[in-house]
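So you can see what is in the structure, the chains are spelled out below.
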Amino acid sequence: VVMIRRRLGGPGSSPPTCRSKCGKCTPCKPVHVPIQPGLSMPLEYYPEAWRCKCRNKLFMP
Amino acid sequence: VLSSDEGATLLEMKKSFRDVDNVLYDWTDSPSSDYCVWRGVTCDNVTFNVIALDMRGNHLSGQIPDEIGDCSSLKSLDLSFNELYGDIPFSVSKLKQLEHLILKNNQLIGPIPSTLSQIPNLKLLDLAQNKLSGEIPRLIYWNEVLQYLGLRGNNLVGTLSPDMCQLTGLWYFDVRNNSLIGSIPQNIGNCTAFQVLDLSYNQLTGEIPFNIGFLQVATLSLQGNQLSGQIPSVIGLMQALAVLDLSCNMLSGPIPPILGNLTYTEKLELNDNQLTGPIPPELGKLTDLFDLNVANNLLDGPIPYNVSSCTNLNSLNVHGNKLNGTIPPAFERLESMTYLNLSSNNLRGPIPIELSRIGNLDTVDISNNRISGSIPSSLGDLEHLLKLNLSKNNLVGFIPAEFGNLRSVMDIDLSNNHLSGPIPQELGQLQNLFLLRVESNNLSGDVISLINCLSLTVLNVSYNNLAGNIPTGNNFSRFSPDSFIGNSGICGYWVGSPCHVSHPT
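An account of the accompanying structure is given in this report. (Residues numbered from 1 in each chain as written. Chains lettered and ligands numbered in written order. Predicted model: local features only at pLDDT ≥ 70, side-chain atom pairs only at ≥ 80, totals over all residues. Heavy atoms only, no water.)

### Some points on the state of the cysteines
All names here are of chain A. A full pass over the atoms with the stated rule returns five disulfides over all chains. Each disulfide pairs two cysteine sulfurs, and for cysteine 25 the partner residue is cysteine 54, the sulfurs being separated by 1.8 Å. Handedness here is read from the sign of the S-S torsion; for cysteine 25 and cysteine 54, about -80°, the answer is left-handed. Of the two residues, cysteine 25 sits in the loop between helix 1 (2-9) and strand 1 (29-34) while cysteine 54 sits in strand 2 (residues 48-54), which places them 29 residues apart along the sequence. For cysteine 25, a relative accessible area of 16% gives the class buried. Judged by relative accessible area, which is 1%, cysteine 54 ranks as buried. (Disulfide = S-S within 2.5 Å. Helix = DSSP H or I, 4+ residues; strand = E, 2+ residues; numbered from the N terminus. Buried < 20%, exposed > 50% of the residue type's maximum accessible area, 1.4 Å probe, protein only.)

Okay, structure coming up:
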């Protein structure tokens, strides 16, 4: 359903809004976090994903 | 009774592992031994069934035992970072409670068992960095609960199936560094749950499909394939992108100016393609950009001064294009920059003194251009500089004595210019200097001061107008005559040097 709505809205994406994604914790802001897929040489950058951050806690957007 | 069975199962499994460090020493069958406190074992508080086995990084070798399938309550199995070989046993598929299966960084061979699709609650499947072969079983893709699929660094073959977008709960899809062929599925935009899509270092061909613009990913890694055609402009609408890596493909056509809309992108890697046209000034809008690499393309036109608005830029690489115009003095705004590579283009004009104000620079490579004028003495202010390459330009004037202030510098290459005057005495202060190349200039004076550079290992002063004796102390004799040839007035220690024979004993 989400997919179909996006298709009607056209392509493109934006960072998560993080609205009510951190439970009761505020403020809840989108941040980039590196994802470490395991040791590999040569060590290149890690992939990054969005998470919602409140104080020291991260939440799935 | 059930509990003691589980202990016996674990002991059977122990027999299959070769445990060189004896990490499983407390896995014993003594009556007083409670398997729930054995190393790496976690039991359910109520049923005392084994629910987790964590044996990562224990130097275990041998094979994964078939008995693993008898630990029927396992929710998490982590055997990563060991030296396990052999196949992934089919019995793993009997673990109906399993949520996390982590076998990465071993020596596992054979195919990925398609029966893994029979584990109903599998959320995390990480088989990265093994030697798995064969195709990715399509059945794996028909899983709505799988969140993480890590297959990087194996020998997987075949094509990517359009079925991959049936992974409606998946946020991490990583098949980097395998041998996948074929094109990116046209329906890739349906993978709307993906946050990381890493297809890099395979042998994918064809064009990047327009539908990629429907993805919501933060990381899009397509580098190291054989993708052709143009960069689709629709990528400029993907504002969730933090990392966009299209490097090392066969992409042609221009860099779409709309990429300037990627407000939150930190890494933009477009290097090693066949891109043409200018660097769009719109890239100056990328205020979060940390790393911009457009090296080794066919780009022309000037380096837009707008790039100086990317004030978070740490690394800028435009090496190996056909860029012309001058080095923008506005670069002084790039205060965070540590790496600047403008080499092998057609850049003209002077080295702007403003570069000396980018105090964090550790690498400056402007070599192989048409840069003229003299070397700004203020470059000596770059106290963090490790590598300076100004070779193959039209530089004139003296080597600044201020280079003696480059306390950390390891490599200085000023070769193939029109520099004159002496090698400044102050260079003798550079205790970390490993490489000094000044060949093919018009330098005069002697090389005596360099004897104090105790780390100097690569030296080339050939084809100048240097004179005087070549010292022999402090290991200076490690440098062969080739380092000094083409200096008519220089006097070598070696037999055959002109002045050597002119002073008979």
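So much for the structure itself; the text now carries on.
### Quick word on the pairing of strand 30 (residues 418-422) of chain B
Relative to strand 30 of chain B, strand 28 (residues 394-397) of chain B runs parallel, the two sharing two bridges. By the bridge assignment, glycine 397 of chain B is partnered in strand 30 of chain B with leucine 419 of chain B. (Pairing = 2+ DSSP bridges.)

### Describing the nonpolar core
Counting residues in each nonpolar core, the largest one holds 140 residues, and the members touching the most others are Leu53, Phe173 and Phe331 of chain B. At the level of secondary structure, the elements contributing two or more residues to this core comprise helix 1 (2-16), strand 2 (41-43) and strand 3 (50-54) of chain B. The contact partners of leucine 53 of chain B, leaving out residues within four places of it in the chain, are Leu10, Met13, Trp27, Gly40, Val41, Ile68, Leu74, Ser76, Leu77 and Asp78 of chain B. Among the nonpolar cores identified, the runner-up in size contains seven residues, and Val33, Ile35 and Ala49 of chain A together with Val196 of chain B belong to it. (Core = buried A, V, L, I, M, F, W, Y, C linked by side-chain atoms within 4.5 Å. Contact = heavy atoms within 4.5 Å.)

### Section: unusual backbone geometry
Glycine aside, residues mostly have negative phi, and peptide bonds are mostly found in the trans state. The peptide bond linking threonine 26 of chain A to proline 27 of chain A adopts the cis configuration, its omega dihedral lying at -10°. Backbone geometry at asparagine 296 of chain B places phi at a positive 55°, although glycine is not the residue there. Residue position: asparagine 296 of chain B is located in the loop between strand 20 (291-293) and strand 21 (298-302).

### Some remarks on the interface of chain B and chain A
Across the contact, 38 residues belong to chain B and 25 residues belong to chain A. Carbon and sulfur atoms make up 55% of the surface buried where chain B meets chain A, a total of about 2700 Å² over both sides. The tally of links from chain B across to chain A stands at one salt bridge. In this structure, glutamate 48 of chain A and lysine 267 of chain B form a salt bridge, with 3.1 Å as the shortest nitrogen-oxygen distance. The set of elements that each furnish at least two residues to the side of chain B that touches chain A consists of strand 13 (172-174), strand 15 (219-221) and strand 16 (243-245) of chain B. The residue makeup of the side of chain B that touches chain A, split by class, is 17 nonpolar, 13 polar and eight charged. (Buried area = accessible area lost by both parts, 1.4 Å probe. Salt bridge = Lys/Arg side-chain N within 4 Å of Asp/Glu carboxyl O. Nonpolar A, V, L, I, M, F, W, Y, C, P; charged D, E, K, R; others polar.)

### Points about the pattern of salt bridges
Side-chain pairing between opposite charges can occur once the charged atoms of the two side chains come close. Residues and elements named next belong to chain B. In total, this model carries 14 salt bridges over all chains according to the counting rule given. A salt bridge links arginine 407 to glutamate 383, with the nearest nitrogen and oxygen atoms 2.6 Å apart. In this pair, arginine 407 sits in the loop between strand 28 and strand 29 (411-413) while glutamate 383 sits in the loop between strand 26 (372-374) and strand 27 (387-389), placing the two residues 24 residues apart along the sequence. On the accessibility criterion, glutamate 383 (37% relative accessible area) is partly exposed. In this structure, glutamate 439 engages arginine 437 in a salt bridge whose closest nitrogen and oxygen atoms are separated by 2.4 Å. Note on glutamate 439: relative accessible area 6%, which makes it buried. A residue is classified by how much of its surface remains accessible, and arginine 437, at 30% relative accessible area, is partly exposed.

### Considering the packing of aromatic side chains
Residues and elements named next belong to chain B. Here the structure, examined in full by the defined rule, presents eleven aromatic pairs over all chains. Summarising the aromatic geometry, the rings of tryptophan 27 and tryptophan 38 are spaced 5.5 Å apart at their centres and angled 20° between planes, so their arrangement reads as stacked. With tryptophan 27 in the loop between strand 1 (17-19) and strand 2 and tryptophan 38 in the loop between strand 1 and strand 2, this pair connects stretches of sequence that are eleven residues apart. Tryptophan 38 carries the same exposure label as tryptophan 27, and that label is buried. An angle of 75° between the planes, with centres 6.4 Å apart, marks the rings of phenylalanine 210 and phenylalanine 214 as edge-to-face. When its relative accessible area of 48% is taken as the criterion, phenylalanine 210 is described as partly exposed. Chaining the aromatic ring pairs together yields one cluster made of Trp27, Tyr35 and Trp38. (Phe/Tyr/Trp six-rings, centres within 6.5 Å; stacked < 30°, edge-to-face > 60°.)

Any functional reading would require information beyond the geometric quantities listed.
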